[in-house]
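Architecture and fold: a report
So you can see what is in the structure, the chains are spelled out below.
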Amino acid sequence: MILDEAILAATVDDYRHLHRHPELSGQEFSTREYLRECLAGMGLEIDDCSPTGLVVRLVNGPGPIVAYRADMDGLPLTELTGLEYASVAESKEAGGTGTVGVMHACGHDLHMSIAIALIRHLDLNRESWSGTLAVIFQPAEETAAGARSMIEDDVWAKVGQPSIIFAQHAWPAPVGTVEVVPGDFMAMADSFEVSVAGRGGHSSQPETTIDPVVLAAHMIVRLQTVVSRRIAPLDAAVLTVAYIRAGAKENVIADSAIFGLNLRYFDHQVRKVVLDAINQVLEGEALASGAPAPSMRVLNSFPLLRNDIGETERLAEMFEGIVGAGNVTRGTQKLGSEDFGHFGESASAPQVYWLLGAQGESSQSQATERPGLHSPHFAPEPIGAIRAGTLLATTACLSYLDGPKANQDRTPHASSEGK
Ligand SMILES: [Zn+2]
Ligand SMILES: [Zn+2]
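This report concerns the structure included in the present document. (Residues numbered from 1 in each chain as written. Chains lettered and ligands numbered in written order. Predicted model: local features only at pLDDT ≥ 70, side-chain atom pairs only at ≥ 80, totals over all residues.)

It is worth spelling out the overall build of the chain at this point. On a plain count of helices and strands, the chain comes out with 10 helices and 18 strands. The C-alpha atoms of the chain give a radius of gyration of 24 Å, which matches the 22 Å a tight globule of 419 residues would have. Projecting the C-alpha coordinates of the chain onto the three principal axes gives extents of approximately 85 × 45 × 45 Å. Looking at the chain as a whole, 46% of its 419 residues are labelled buried. Pairs at least 24 residues apart make up 82% of the contacts formed inside the chain by residues separated by at least 6 positions. (Helix = DSSP H or I, 4+ residues; strand = E, 2+ residues; numbered from the N terminus. Rg over C-alpha atoms; globule rule 2.2 N^0.38 Å. Buried ≥ 20, exposed ≤ 12 C-beta atoms within 10 Å, placed from the backbone. Contact = placed C-beta atoms within 7 Å.)

Let us look at the environment of Ala-316. Along the chain, the position of Ala-316 falls in helix α8 (residues 309–323). Assessed through the 20 C-beta atoms surrounding it within 10 Å, Ala-316 is described here as buried. Here the alpha-carbon distance between Ala-316 and Met-112, two residues 204 residues apart in the chain, equals 22 Å. The residues touching Ala-316, leaving out its near neighbours within four places in the chain, are Val-180, Val-328 and Arg-330.

Another point: helix α2 (residues 29–38). Within α2, the full set of buried residues consists of Thr-31, Arg-32, Leu-35 and Cys-38. What you see down the axis of α2 is that its buried residues fit within an arc of 120°, all on one side. The outward face of α2, more than 90 degrees from its buried face, is lined by the exposed residues Phe-29, Glu-33 and Glu-37. Considering only its buried residues, α2 is in contact with α1 (5–20), β2 (53–60), α3 (108–124) and β6 (131–138). (Arc of directions from axis to C-beta.)

Once that is clear, we can look at the sheet that holds strand β15 (residues 295–302). Spatial ordering of the open sheet is given by β12-β14-β10-β15, a layout of 4 strands whose pairing is antiparallel. In this open sheet, the two edge strands, each paired with only one partner strand, are β12 (237–246) and β15. The mean angle between the axes of side-by-side strands here comes to 15°, regardless of whether they run parallel or antiparallel. The strands touched by helix α6 (residues 212–230) within the sheet are β10 (188–197), β12 and β14 (256–265), with β12 carrying the most contacts at an inclination of about 170°. Sitting on the sheet, helix α7 (residues 268–289) touches β10, β12 and β14, and the angle it makes with β14 is about 165°. (Pairing = 2+ DSSP bridges. Axes fitted to C-alpha atoms, helices over the stretch in contact; angles between N-to-C directions.)

Laid out in structure tokens, this is it:
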């Protein structure tokens, strides 16, 4: 398969525009308008979905519906790549008071660009396939809110029932490499903010107070035993207390403290044990200090991302034909998280998600030296990454769409796992 050079050049321009103009989760209004402009005049069916999402259907005769998802949001980071098309955008975070820099530091600009190129390529080659390509441009992946908001806004009524759902994510690996993981791929995650209630007072009179700093410190130390003492060593779980805030003055005992918890696991039973143990620790430590039980506010919650095993293996073999057998890695589970899993679950359709090497070799050949996702230095090599990503996405989608209309006796393969 050959990607049209004019499509590639136009899409690289679109990438630079998207990179230069990132928007935070849930604020992707201009991004959506730009996508609409890119896709105008091609006879596509385009529907808004959720406040800032978009569903684009390329209908090309009878046949299966294949869904392809691209996420849209940037991150609250000031870009430090020094690229000519670097972002200088600033924005207000939802609920925040100040202004933050905004950057596409997770490659979602690349994901959107590849989706645009996929649509352009399949539009240009309509004679070679039959069916419907439905691209889901999803906002707010970083906050785990976007997929859910699109599902609540009836995304499947706009898409139709998909036979399969694909997505890929840029990865800090060389352009031309792909990583696939059959089965469980990315962890479930839960984040909470814990509010510890104490009783404030003068630092010289601790006996009149319930010191929330001491209490929170005990909670946090004891929480370190949840994974190490409650979870079997061969079961994966992570518990991180990522921030703590309390007090402002050395001679004032604060009234309250808050800290943020981030949890990861692959197994629902492990999740239950972790959450129950956290509750026991928080309530037990509060009781030991004579304080009321703390409250917990849910910050976000990511589902398990589970790839269809048979379809992933099948795609991996096809990908080897594109980038070479040595460049397709069968990787292992990752404790990072994605809200893509909501789509497959809600549509009862198999899903495959893979990682796309996105970085040029240039001076940084060691994996440890390559700026990773969410780094202010993350700088994909757009031409190579868009070329490879579009070829992979096109191959995946065409393998599930019907062949040319004149050649429709092709036997559709069966999904390897139950729908
Ligand atoms: Zn991210
Ligand atoms: Zn991402």
